[in-house]
Amino acid sequence: MHASLPMYDFASVRGATDRFWQAIRAALGQGPETLIRDLGVWQAWAQPDLLLSQTCGLPYRSRLHGTVTLVGTPDYGLPGCGPGEYNSVYVARADDPRDGLSDFDGAYIAVNSATSQSGWAGPILYARTNDVRFGGAVKTGGHVASARAVASGQADIAGLDALSWHFIQVEESFAPDLKVIDATPPTPGLPFITRLGQDPVPIFEGLKAAIESLSEEDRTALCLNGLVRIEPEEYLAVPTPAPPVFN
């Protein structure tokens, strides 16, 4: 039986994440003793005995829909977002004289992955609605790496998951070298999933009970406000752009 919580497994909240898993395991009455951290996300999501994991909206609608079961979506209480929603912030170097998204037409964008809603799909689609066309894309492999690429001058701008940006500001010494210049509209947040055919209702109730059982300190550290149900159709309705051509 496999379980993983890979999306926000930042060092500063690793202990809180492990305690969250133990609370989930206690509420469900089953599950591995520890979270799986030695598998890539696609491999983890494909496990035939998957009990619980967390994915992103774009992987769900592009490849996972029909192969996993949605359980529920955490509410992180992000500014400008409804329950269970999230968005991306655009960051640029703090000393860059450009201070609005429209100023970055032709700029190079750092992208964590072509299958990222917050690092690619959301930022590129919102930019296009504002008549902004980026001049090129730099592949980084992660939100922290995208932020670092902007701070070091390898790229001009990046779209970061708003919660990842929160943790980057907590953990990374280069964070003050960046500024937020805009944010995308909200979309459905990062859902918890289980294997296809698994009844999601008991897992939803177990997750909800686990969140409520956490200490206030751990809930605050993980930014966990609660759990909501978002239907698969809401995820599938979000548009998907063509993948970037990386430089």
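It should be noted that the structure appears before, not after, this text.
About the criteria used
- Residues numbered from 1 in each chain as written.
- Predicted model: local features only at pLDDT ≥ 70, side-chain atom pairs only at ≥ 80, totals over all residues.
- Heavy atoms only, no water.
- Pairing = 2+ DSSP bridges.
- Helix = DSSP H or I, 4+ residues; strand = E, 2+ residues; numbered from the N terminus.
- Right-handed = clockwise from strand over helix to strand, strands pointing away.
- Axes fitted to C-alpha atoms, helices over the stretch in contact; angles between N-to-C directions.
- Parallel < 35°, antiparallel > 145°, perpendicular 65-115°, else oblique.
- Left-handed = near helix turned anticlockwise from the far one by under 90°.
- Contact = heavy atoms within 4.5 Å.
- Nonpolar A, V, L, I, M, F, W, Y, C, P; charged D, E, K, R; others polar.
- Core = buried A, V, L, I, M, F, W, Y, C linked by side-chain atoms within 4.5 Å.
- Buried < 20%, exposed > 50% of the residue type's maximum accessible area, 1.4 Å probe, protein only.
- Salt bridge = Lys/Arg side-chain N within 4 Å of Asp/Glu carboxyl O.

What to know about the pairing of strand β6 (residues 108-111)
Consideration 1: When β6 meets strand β7 (residues 136-139), the two strands line up parallel, connected through four bridges. Residue Ala110 lies in a different strand from β7, and its bridge partner there is Val138.
Consideration 2: Handedness of the crossover joining β6 and β7 through helix α4 (residues 117-129) is recorded here as right-handed.
Consideration 3: The pairing of β6 with strand β8 (residues 157-161) spans two bridges and is parallel. What sits directly across from Ile109, in β8, is Ile157.

Quick notes on the packing of helix α1 (residues 14-28) against helix α7 (residues 200-213)
Consideration 1: Between α1 and α7, the least distance of the axes is 8 Å, while the angle of their chain directions is 130°. Comparing the axis directions of α1 and α7 gives the class oblique. α7 is crossed by α1, and the crossing has right-handed handedness. The segment α1 lies against α7, with Phe20, Ala23, Ile24, Ala27 and Leu28 engaging Pro202, Ile203, Gly206, Leu207, Ala209, Ala210, Ile211 and Ser213.
Consideration 2: In terms of residue class, the contact of α1 with α7 is built from eleven nonpolar, two polar and no charged.

Description of the nonpolar core
Consideration 1: In terms of nonpolar packing, the biggest core is built from 50 residues, with Tyr8, Phe20, Ile24, Leu52, Leu160, Phe192 and Leu207 touching the most fellow members.
Consideration 2: Within the residue set of this core, elements represented by two or more residues are α1, β2 (50-54), β5 (88-93), α5 (143-151), β8, α6 (162-171) and α7.
Consideration 3: The leading source of residues in this core is α1, at six residues.
Consideration 4: Apart from the residues within four sequence positions on either side, Phe192 is in contact with Leu5, Phe20, Leu52, Ser53, Gln54, Thr69, Leu70, Val71, Gly72, Pro74, Leu207 and Leu227.
Consideration 5: Ranked by size, the runner-up nonpolar core spans 15 residues in total, among them Ala92, Leu101, Phe134 and Ala137.

Here's the deal with the pattern of salt bridges
Consideration 1: A complete count under the given rule lists nine salt bridges for this structure.
Consideration 2: Of the charged contacts in the structure, one is a salt bridge between Arg14 and Asp9, with a shortest N-O distance of 3.0 Å.
Consideration 3: By relative accessible area, which is 33% here, Arg14 ends up partly exposed.
Consideration 4: Accessibility expressed as a relative area gives 18% for Asp9, which makes it buried.
Consideration 5: Salt-bridge contacts for Arg93 lead to Asp156; the nearest nitrogen and oxygen are separated by 3.7 Å. Taken together, the residues Arg93 in strand β5 and Asp156 in the loop between α5 and β8 connect sequence positions 63 residues apart. Like Arg93, the residue Asp156 is buried in the burial classification.

Section: the sheet that holds β6
Consideration 1: Here five strands make up an open sheet; going across it, the order is β7-β6-β8-β5-β9 and the pairing mixed. The sheet terminates laterally at β7 and β9 (178-183), the two strands that pair on one side only. Between one strand and the next, the sheet's axes are offset by a mean angle of 35°, whatever the strand orientation.
Consideration 2: In this structure, β5 lies alongside β8, joined through five bridges in antiparallel fashion.

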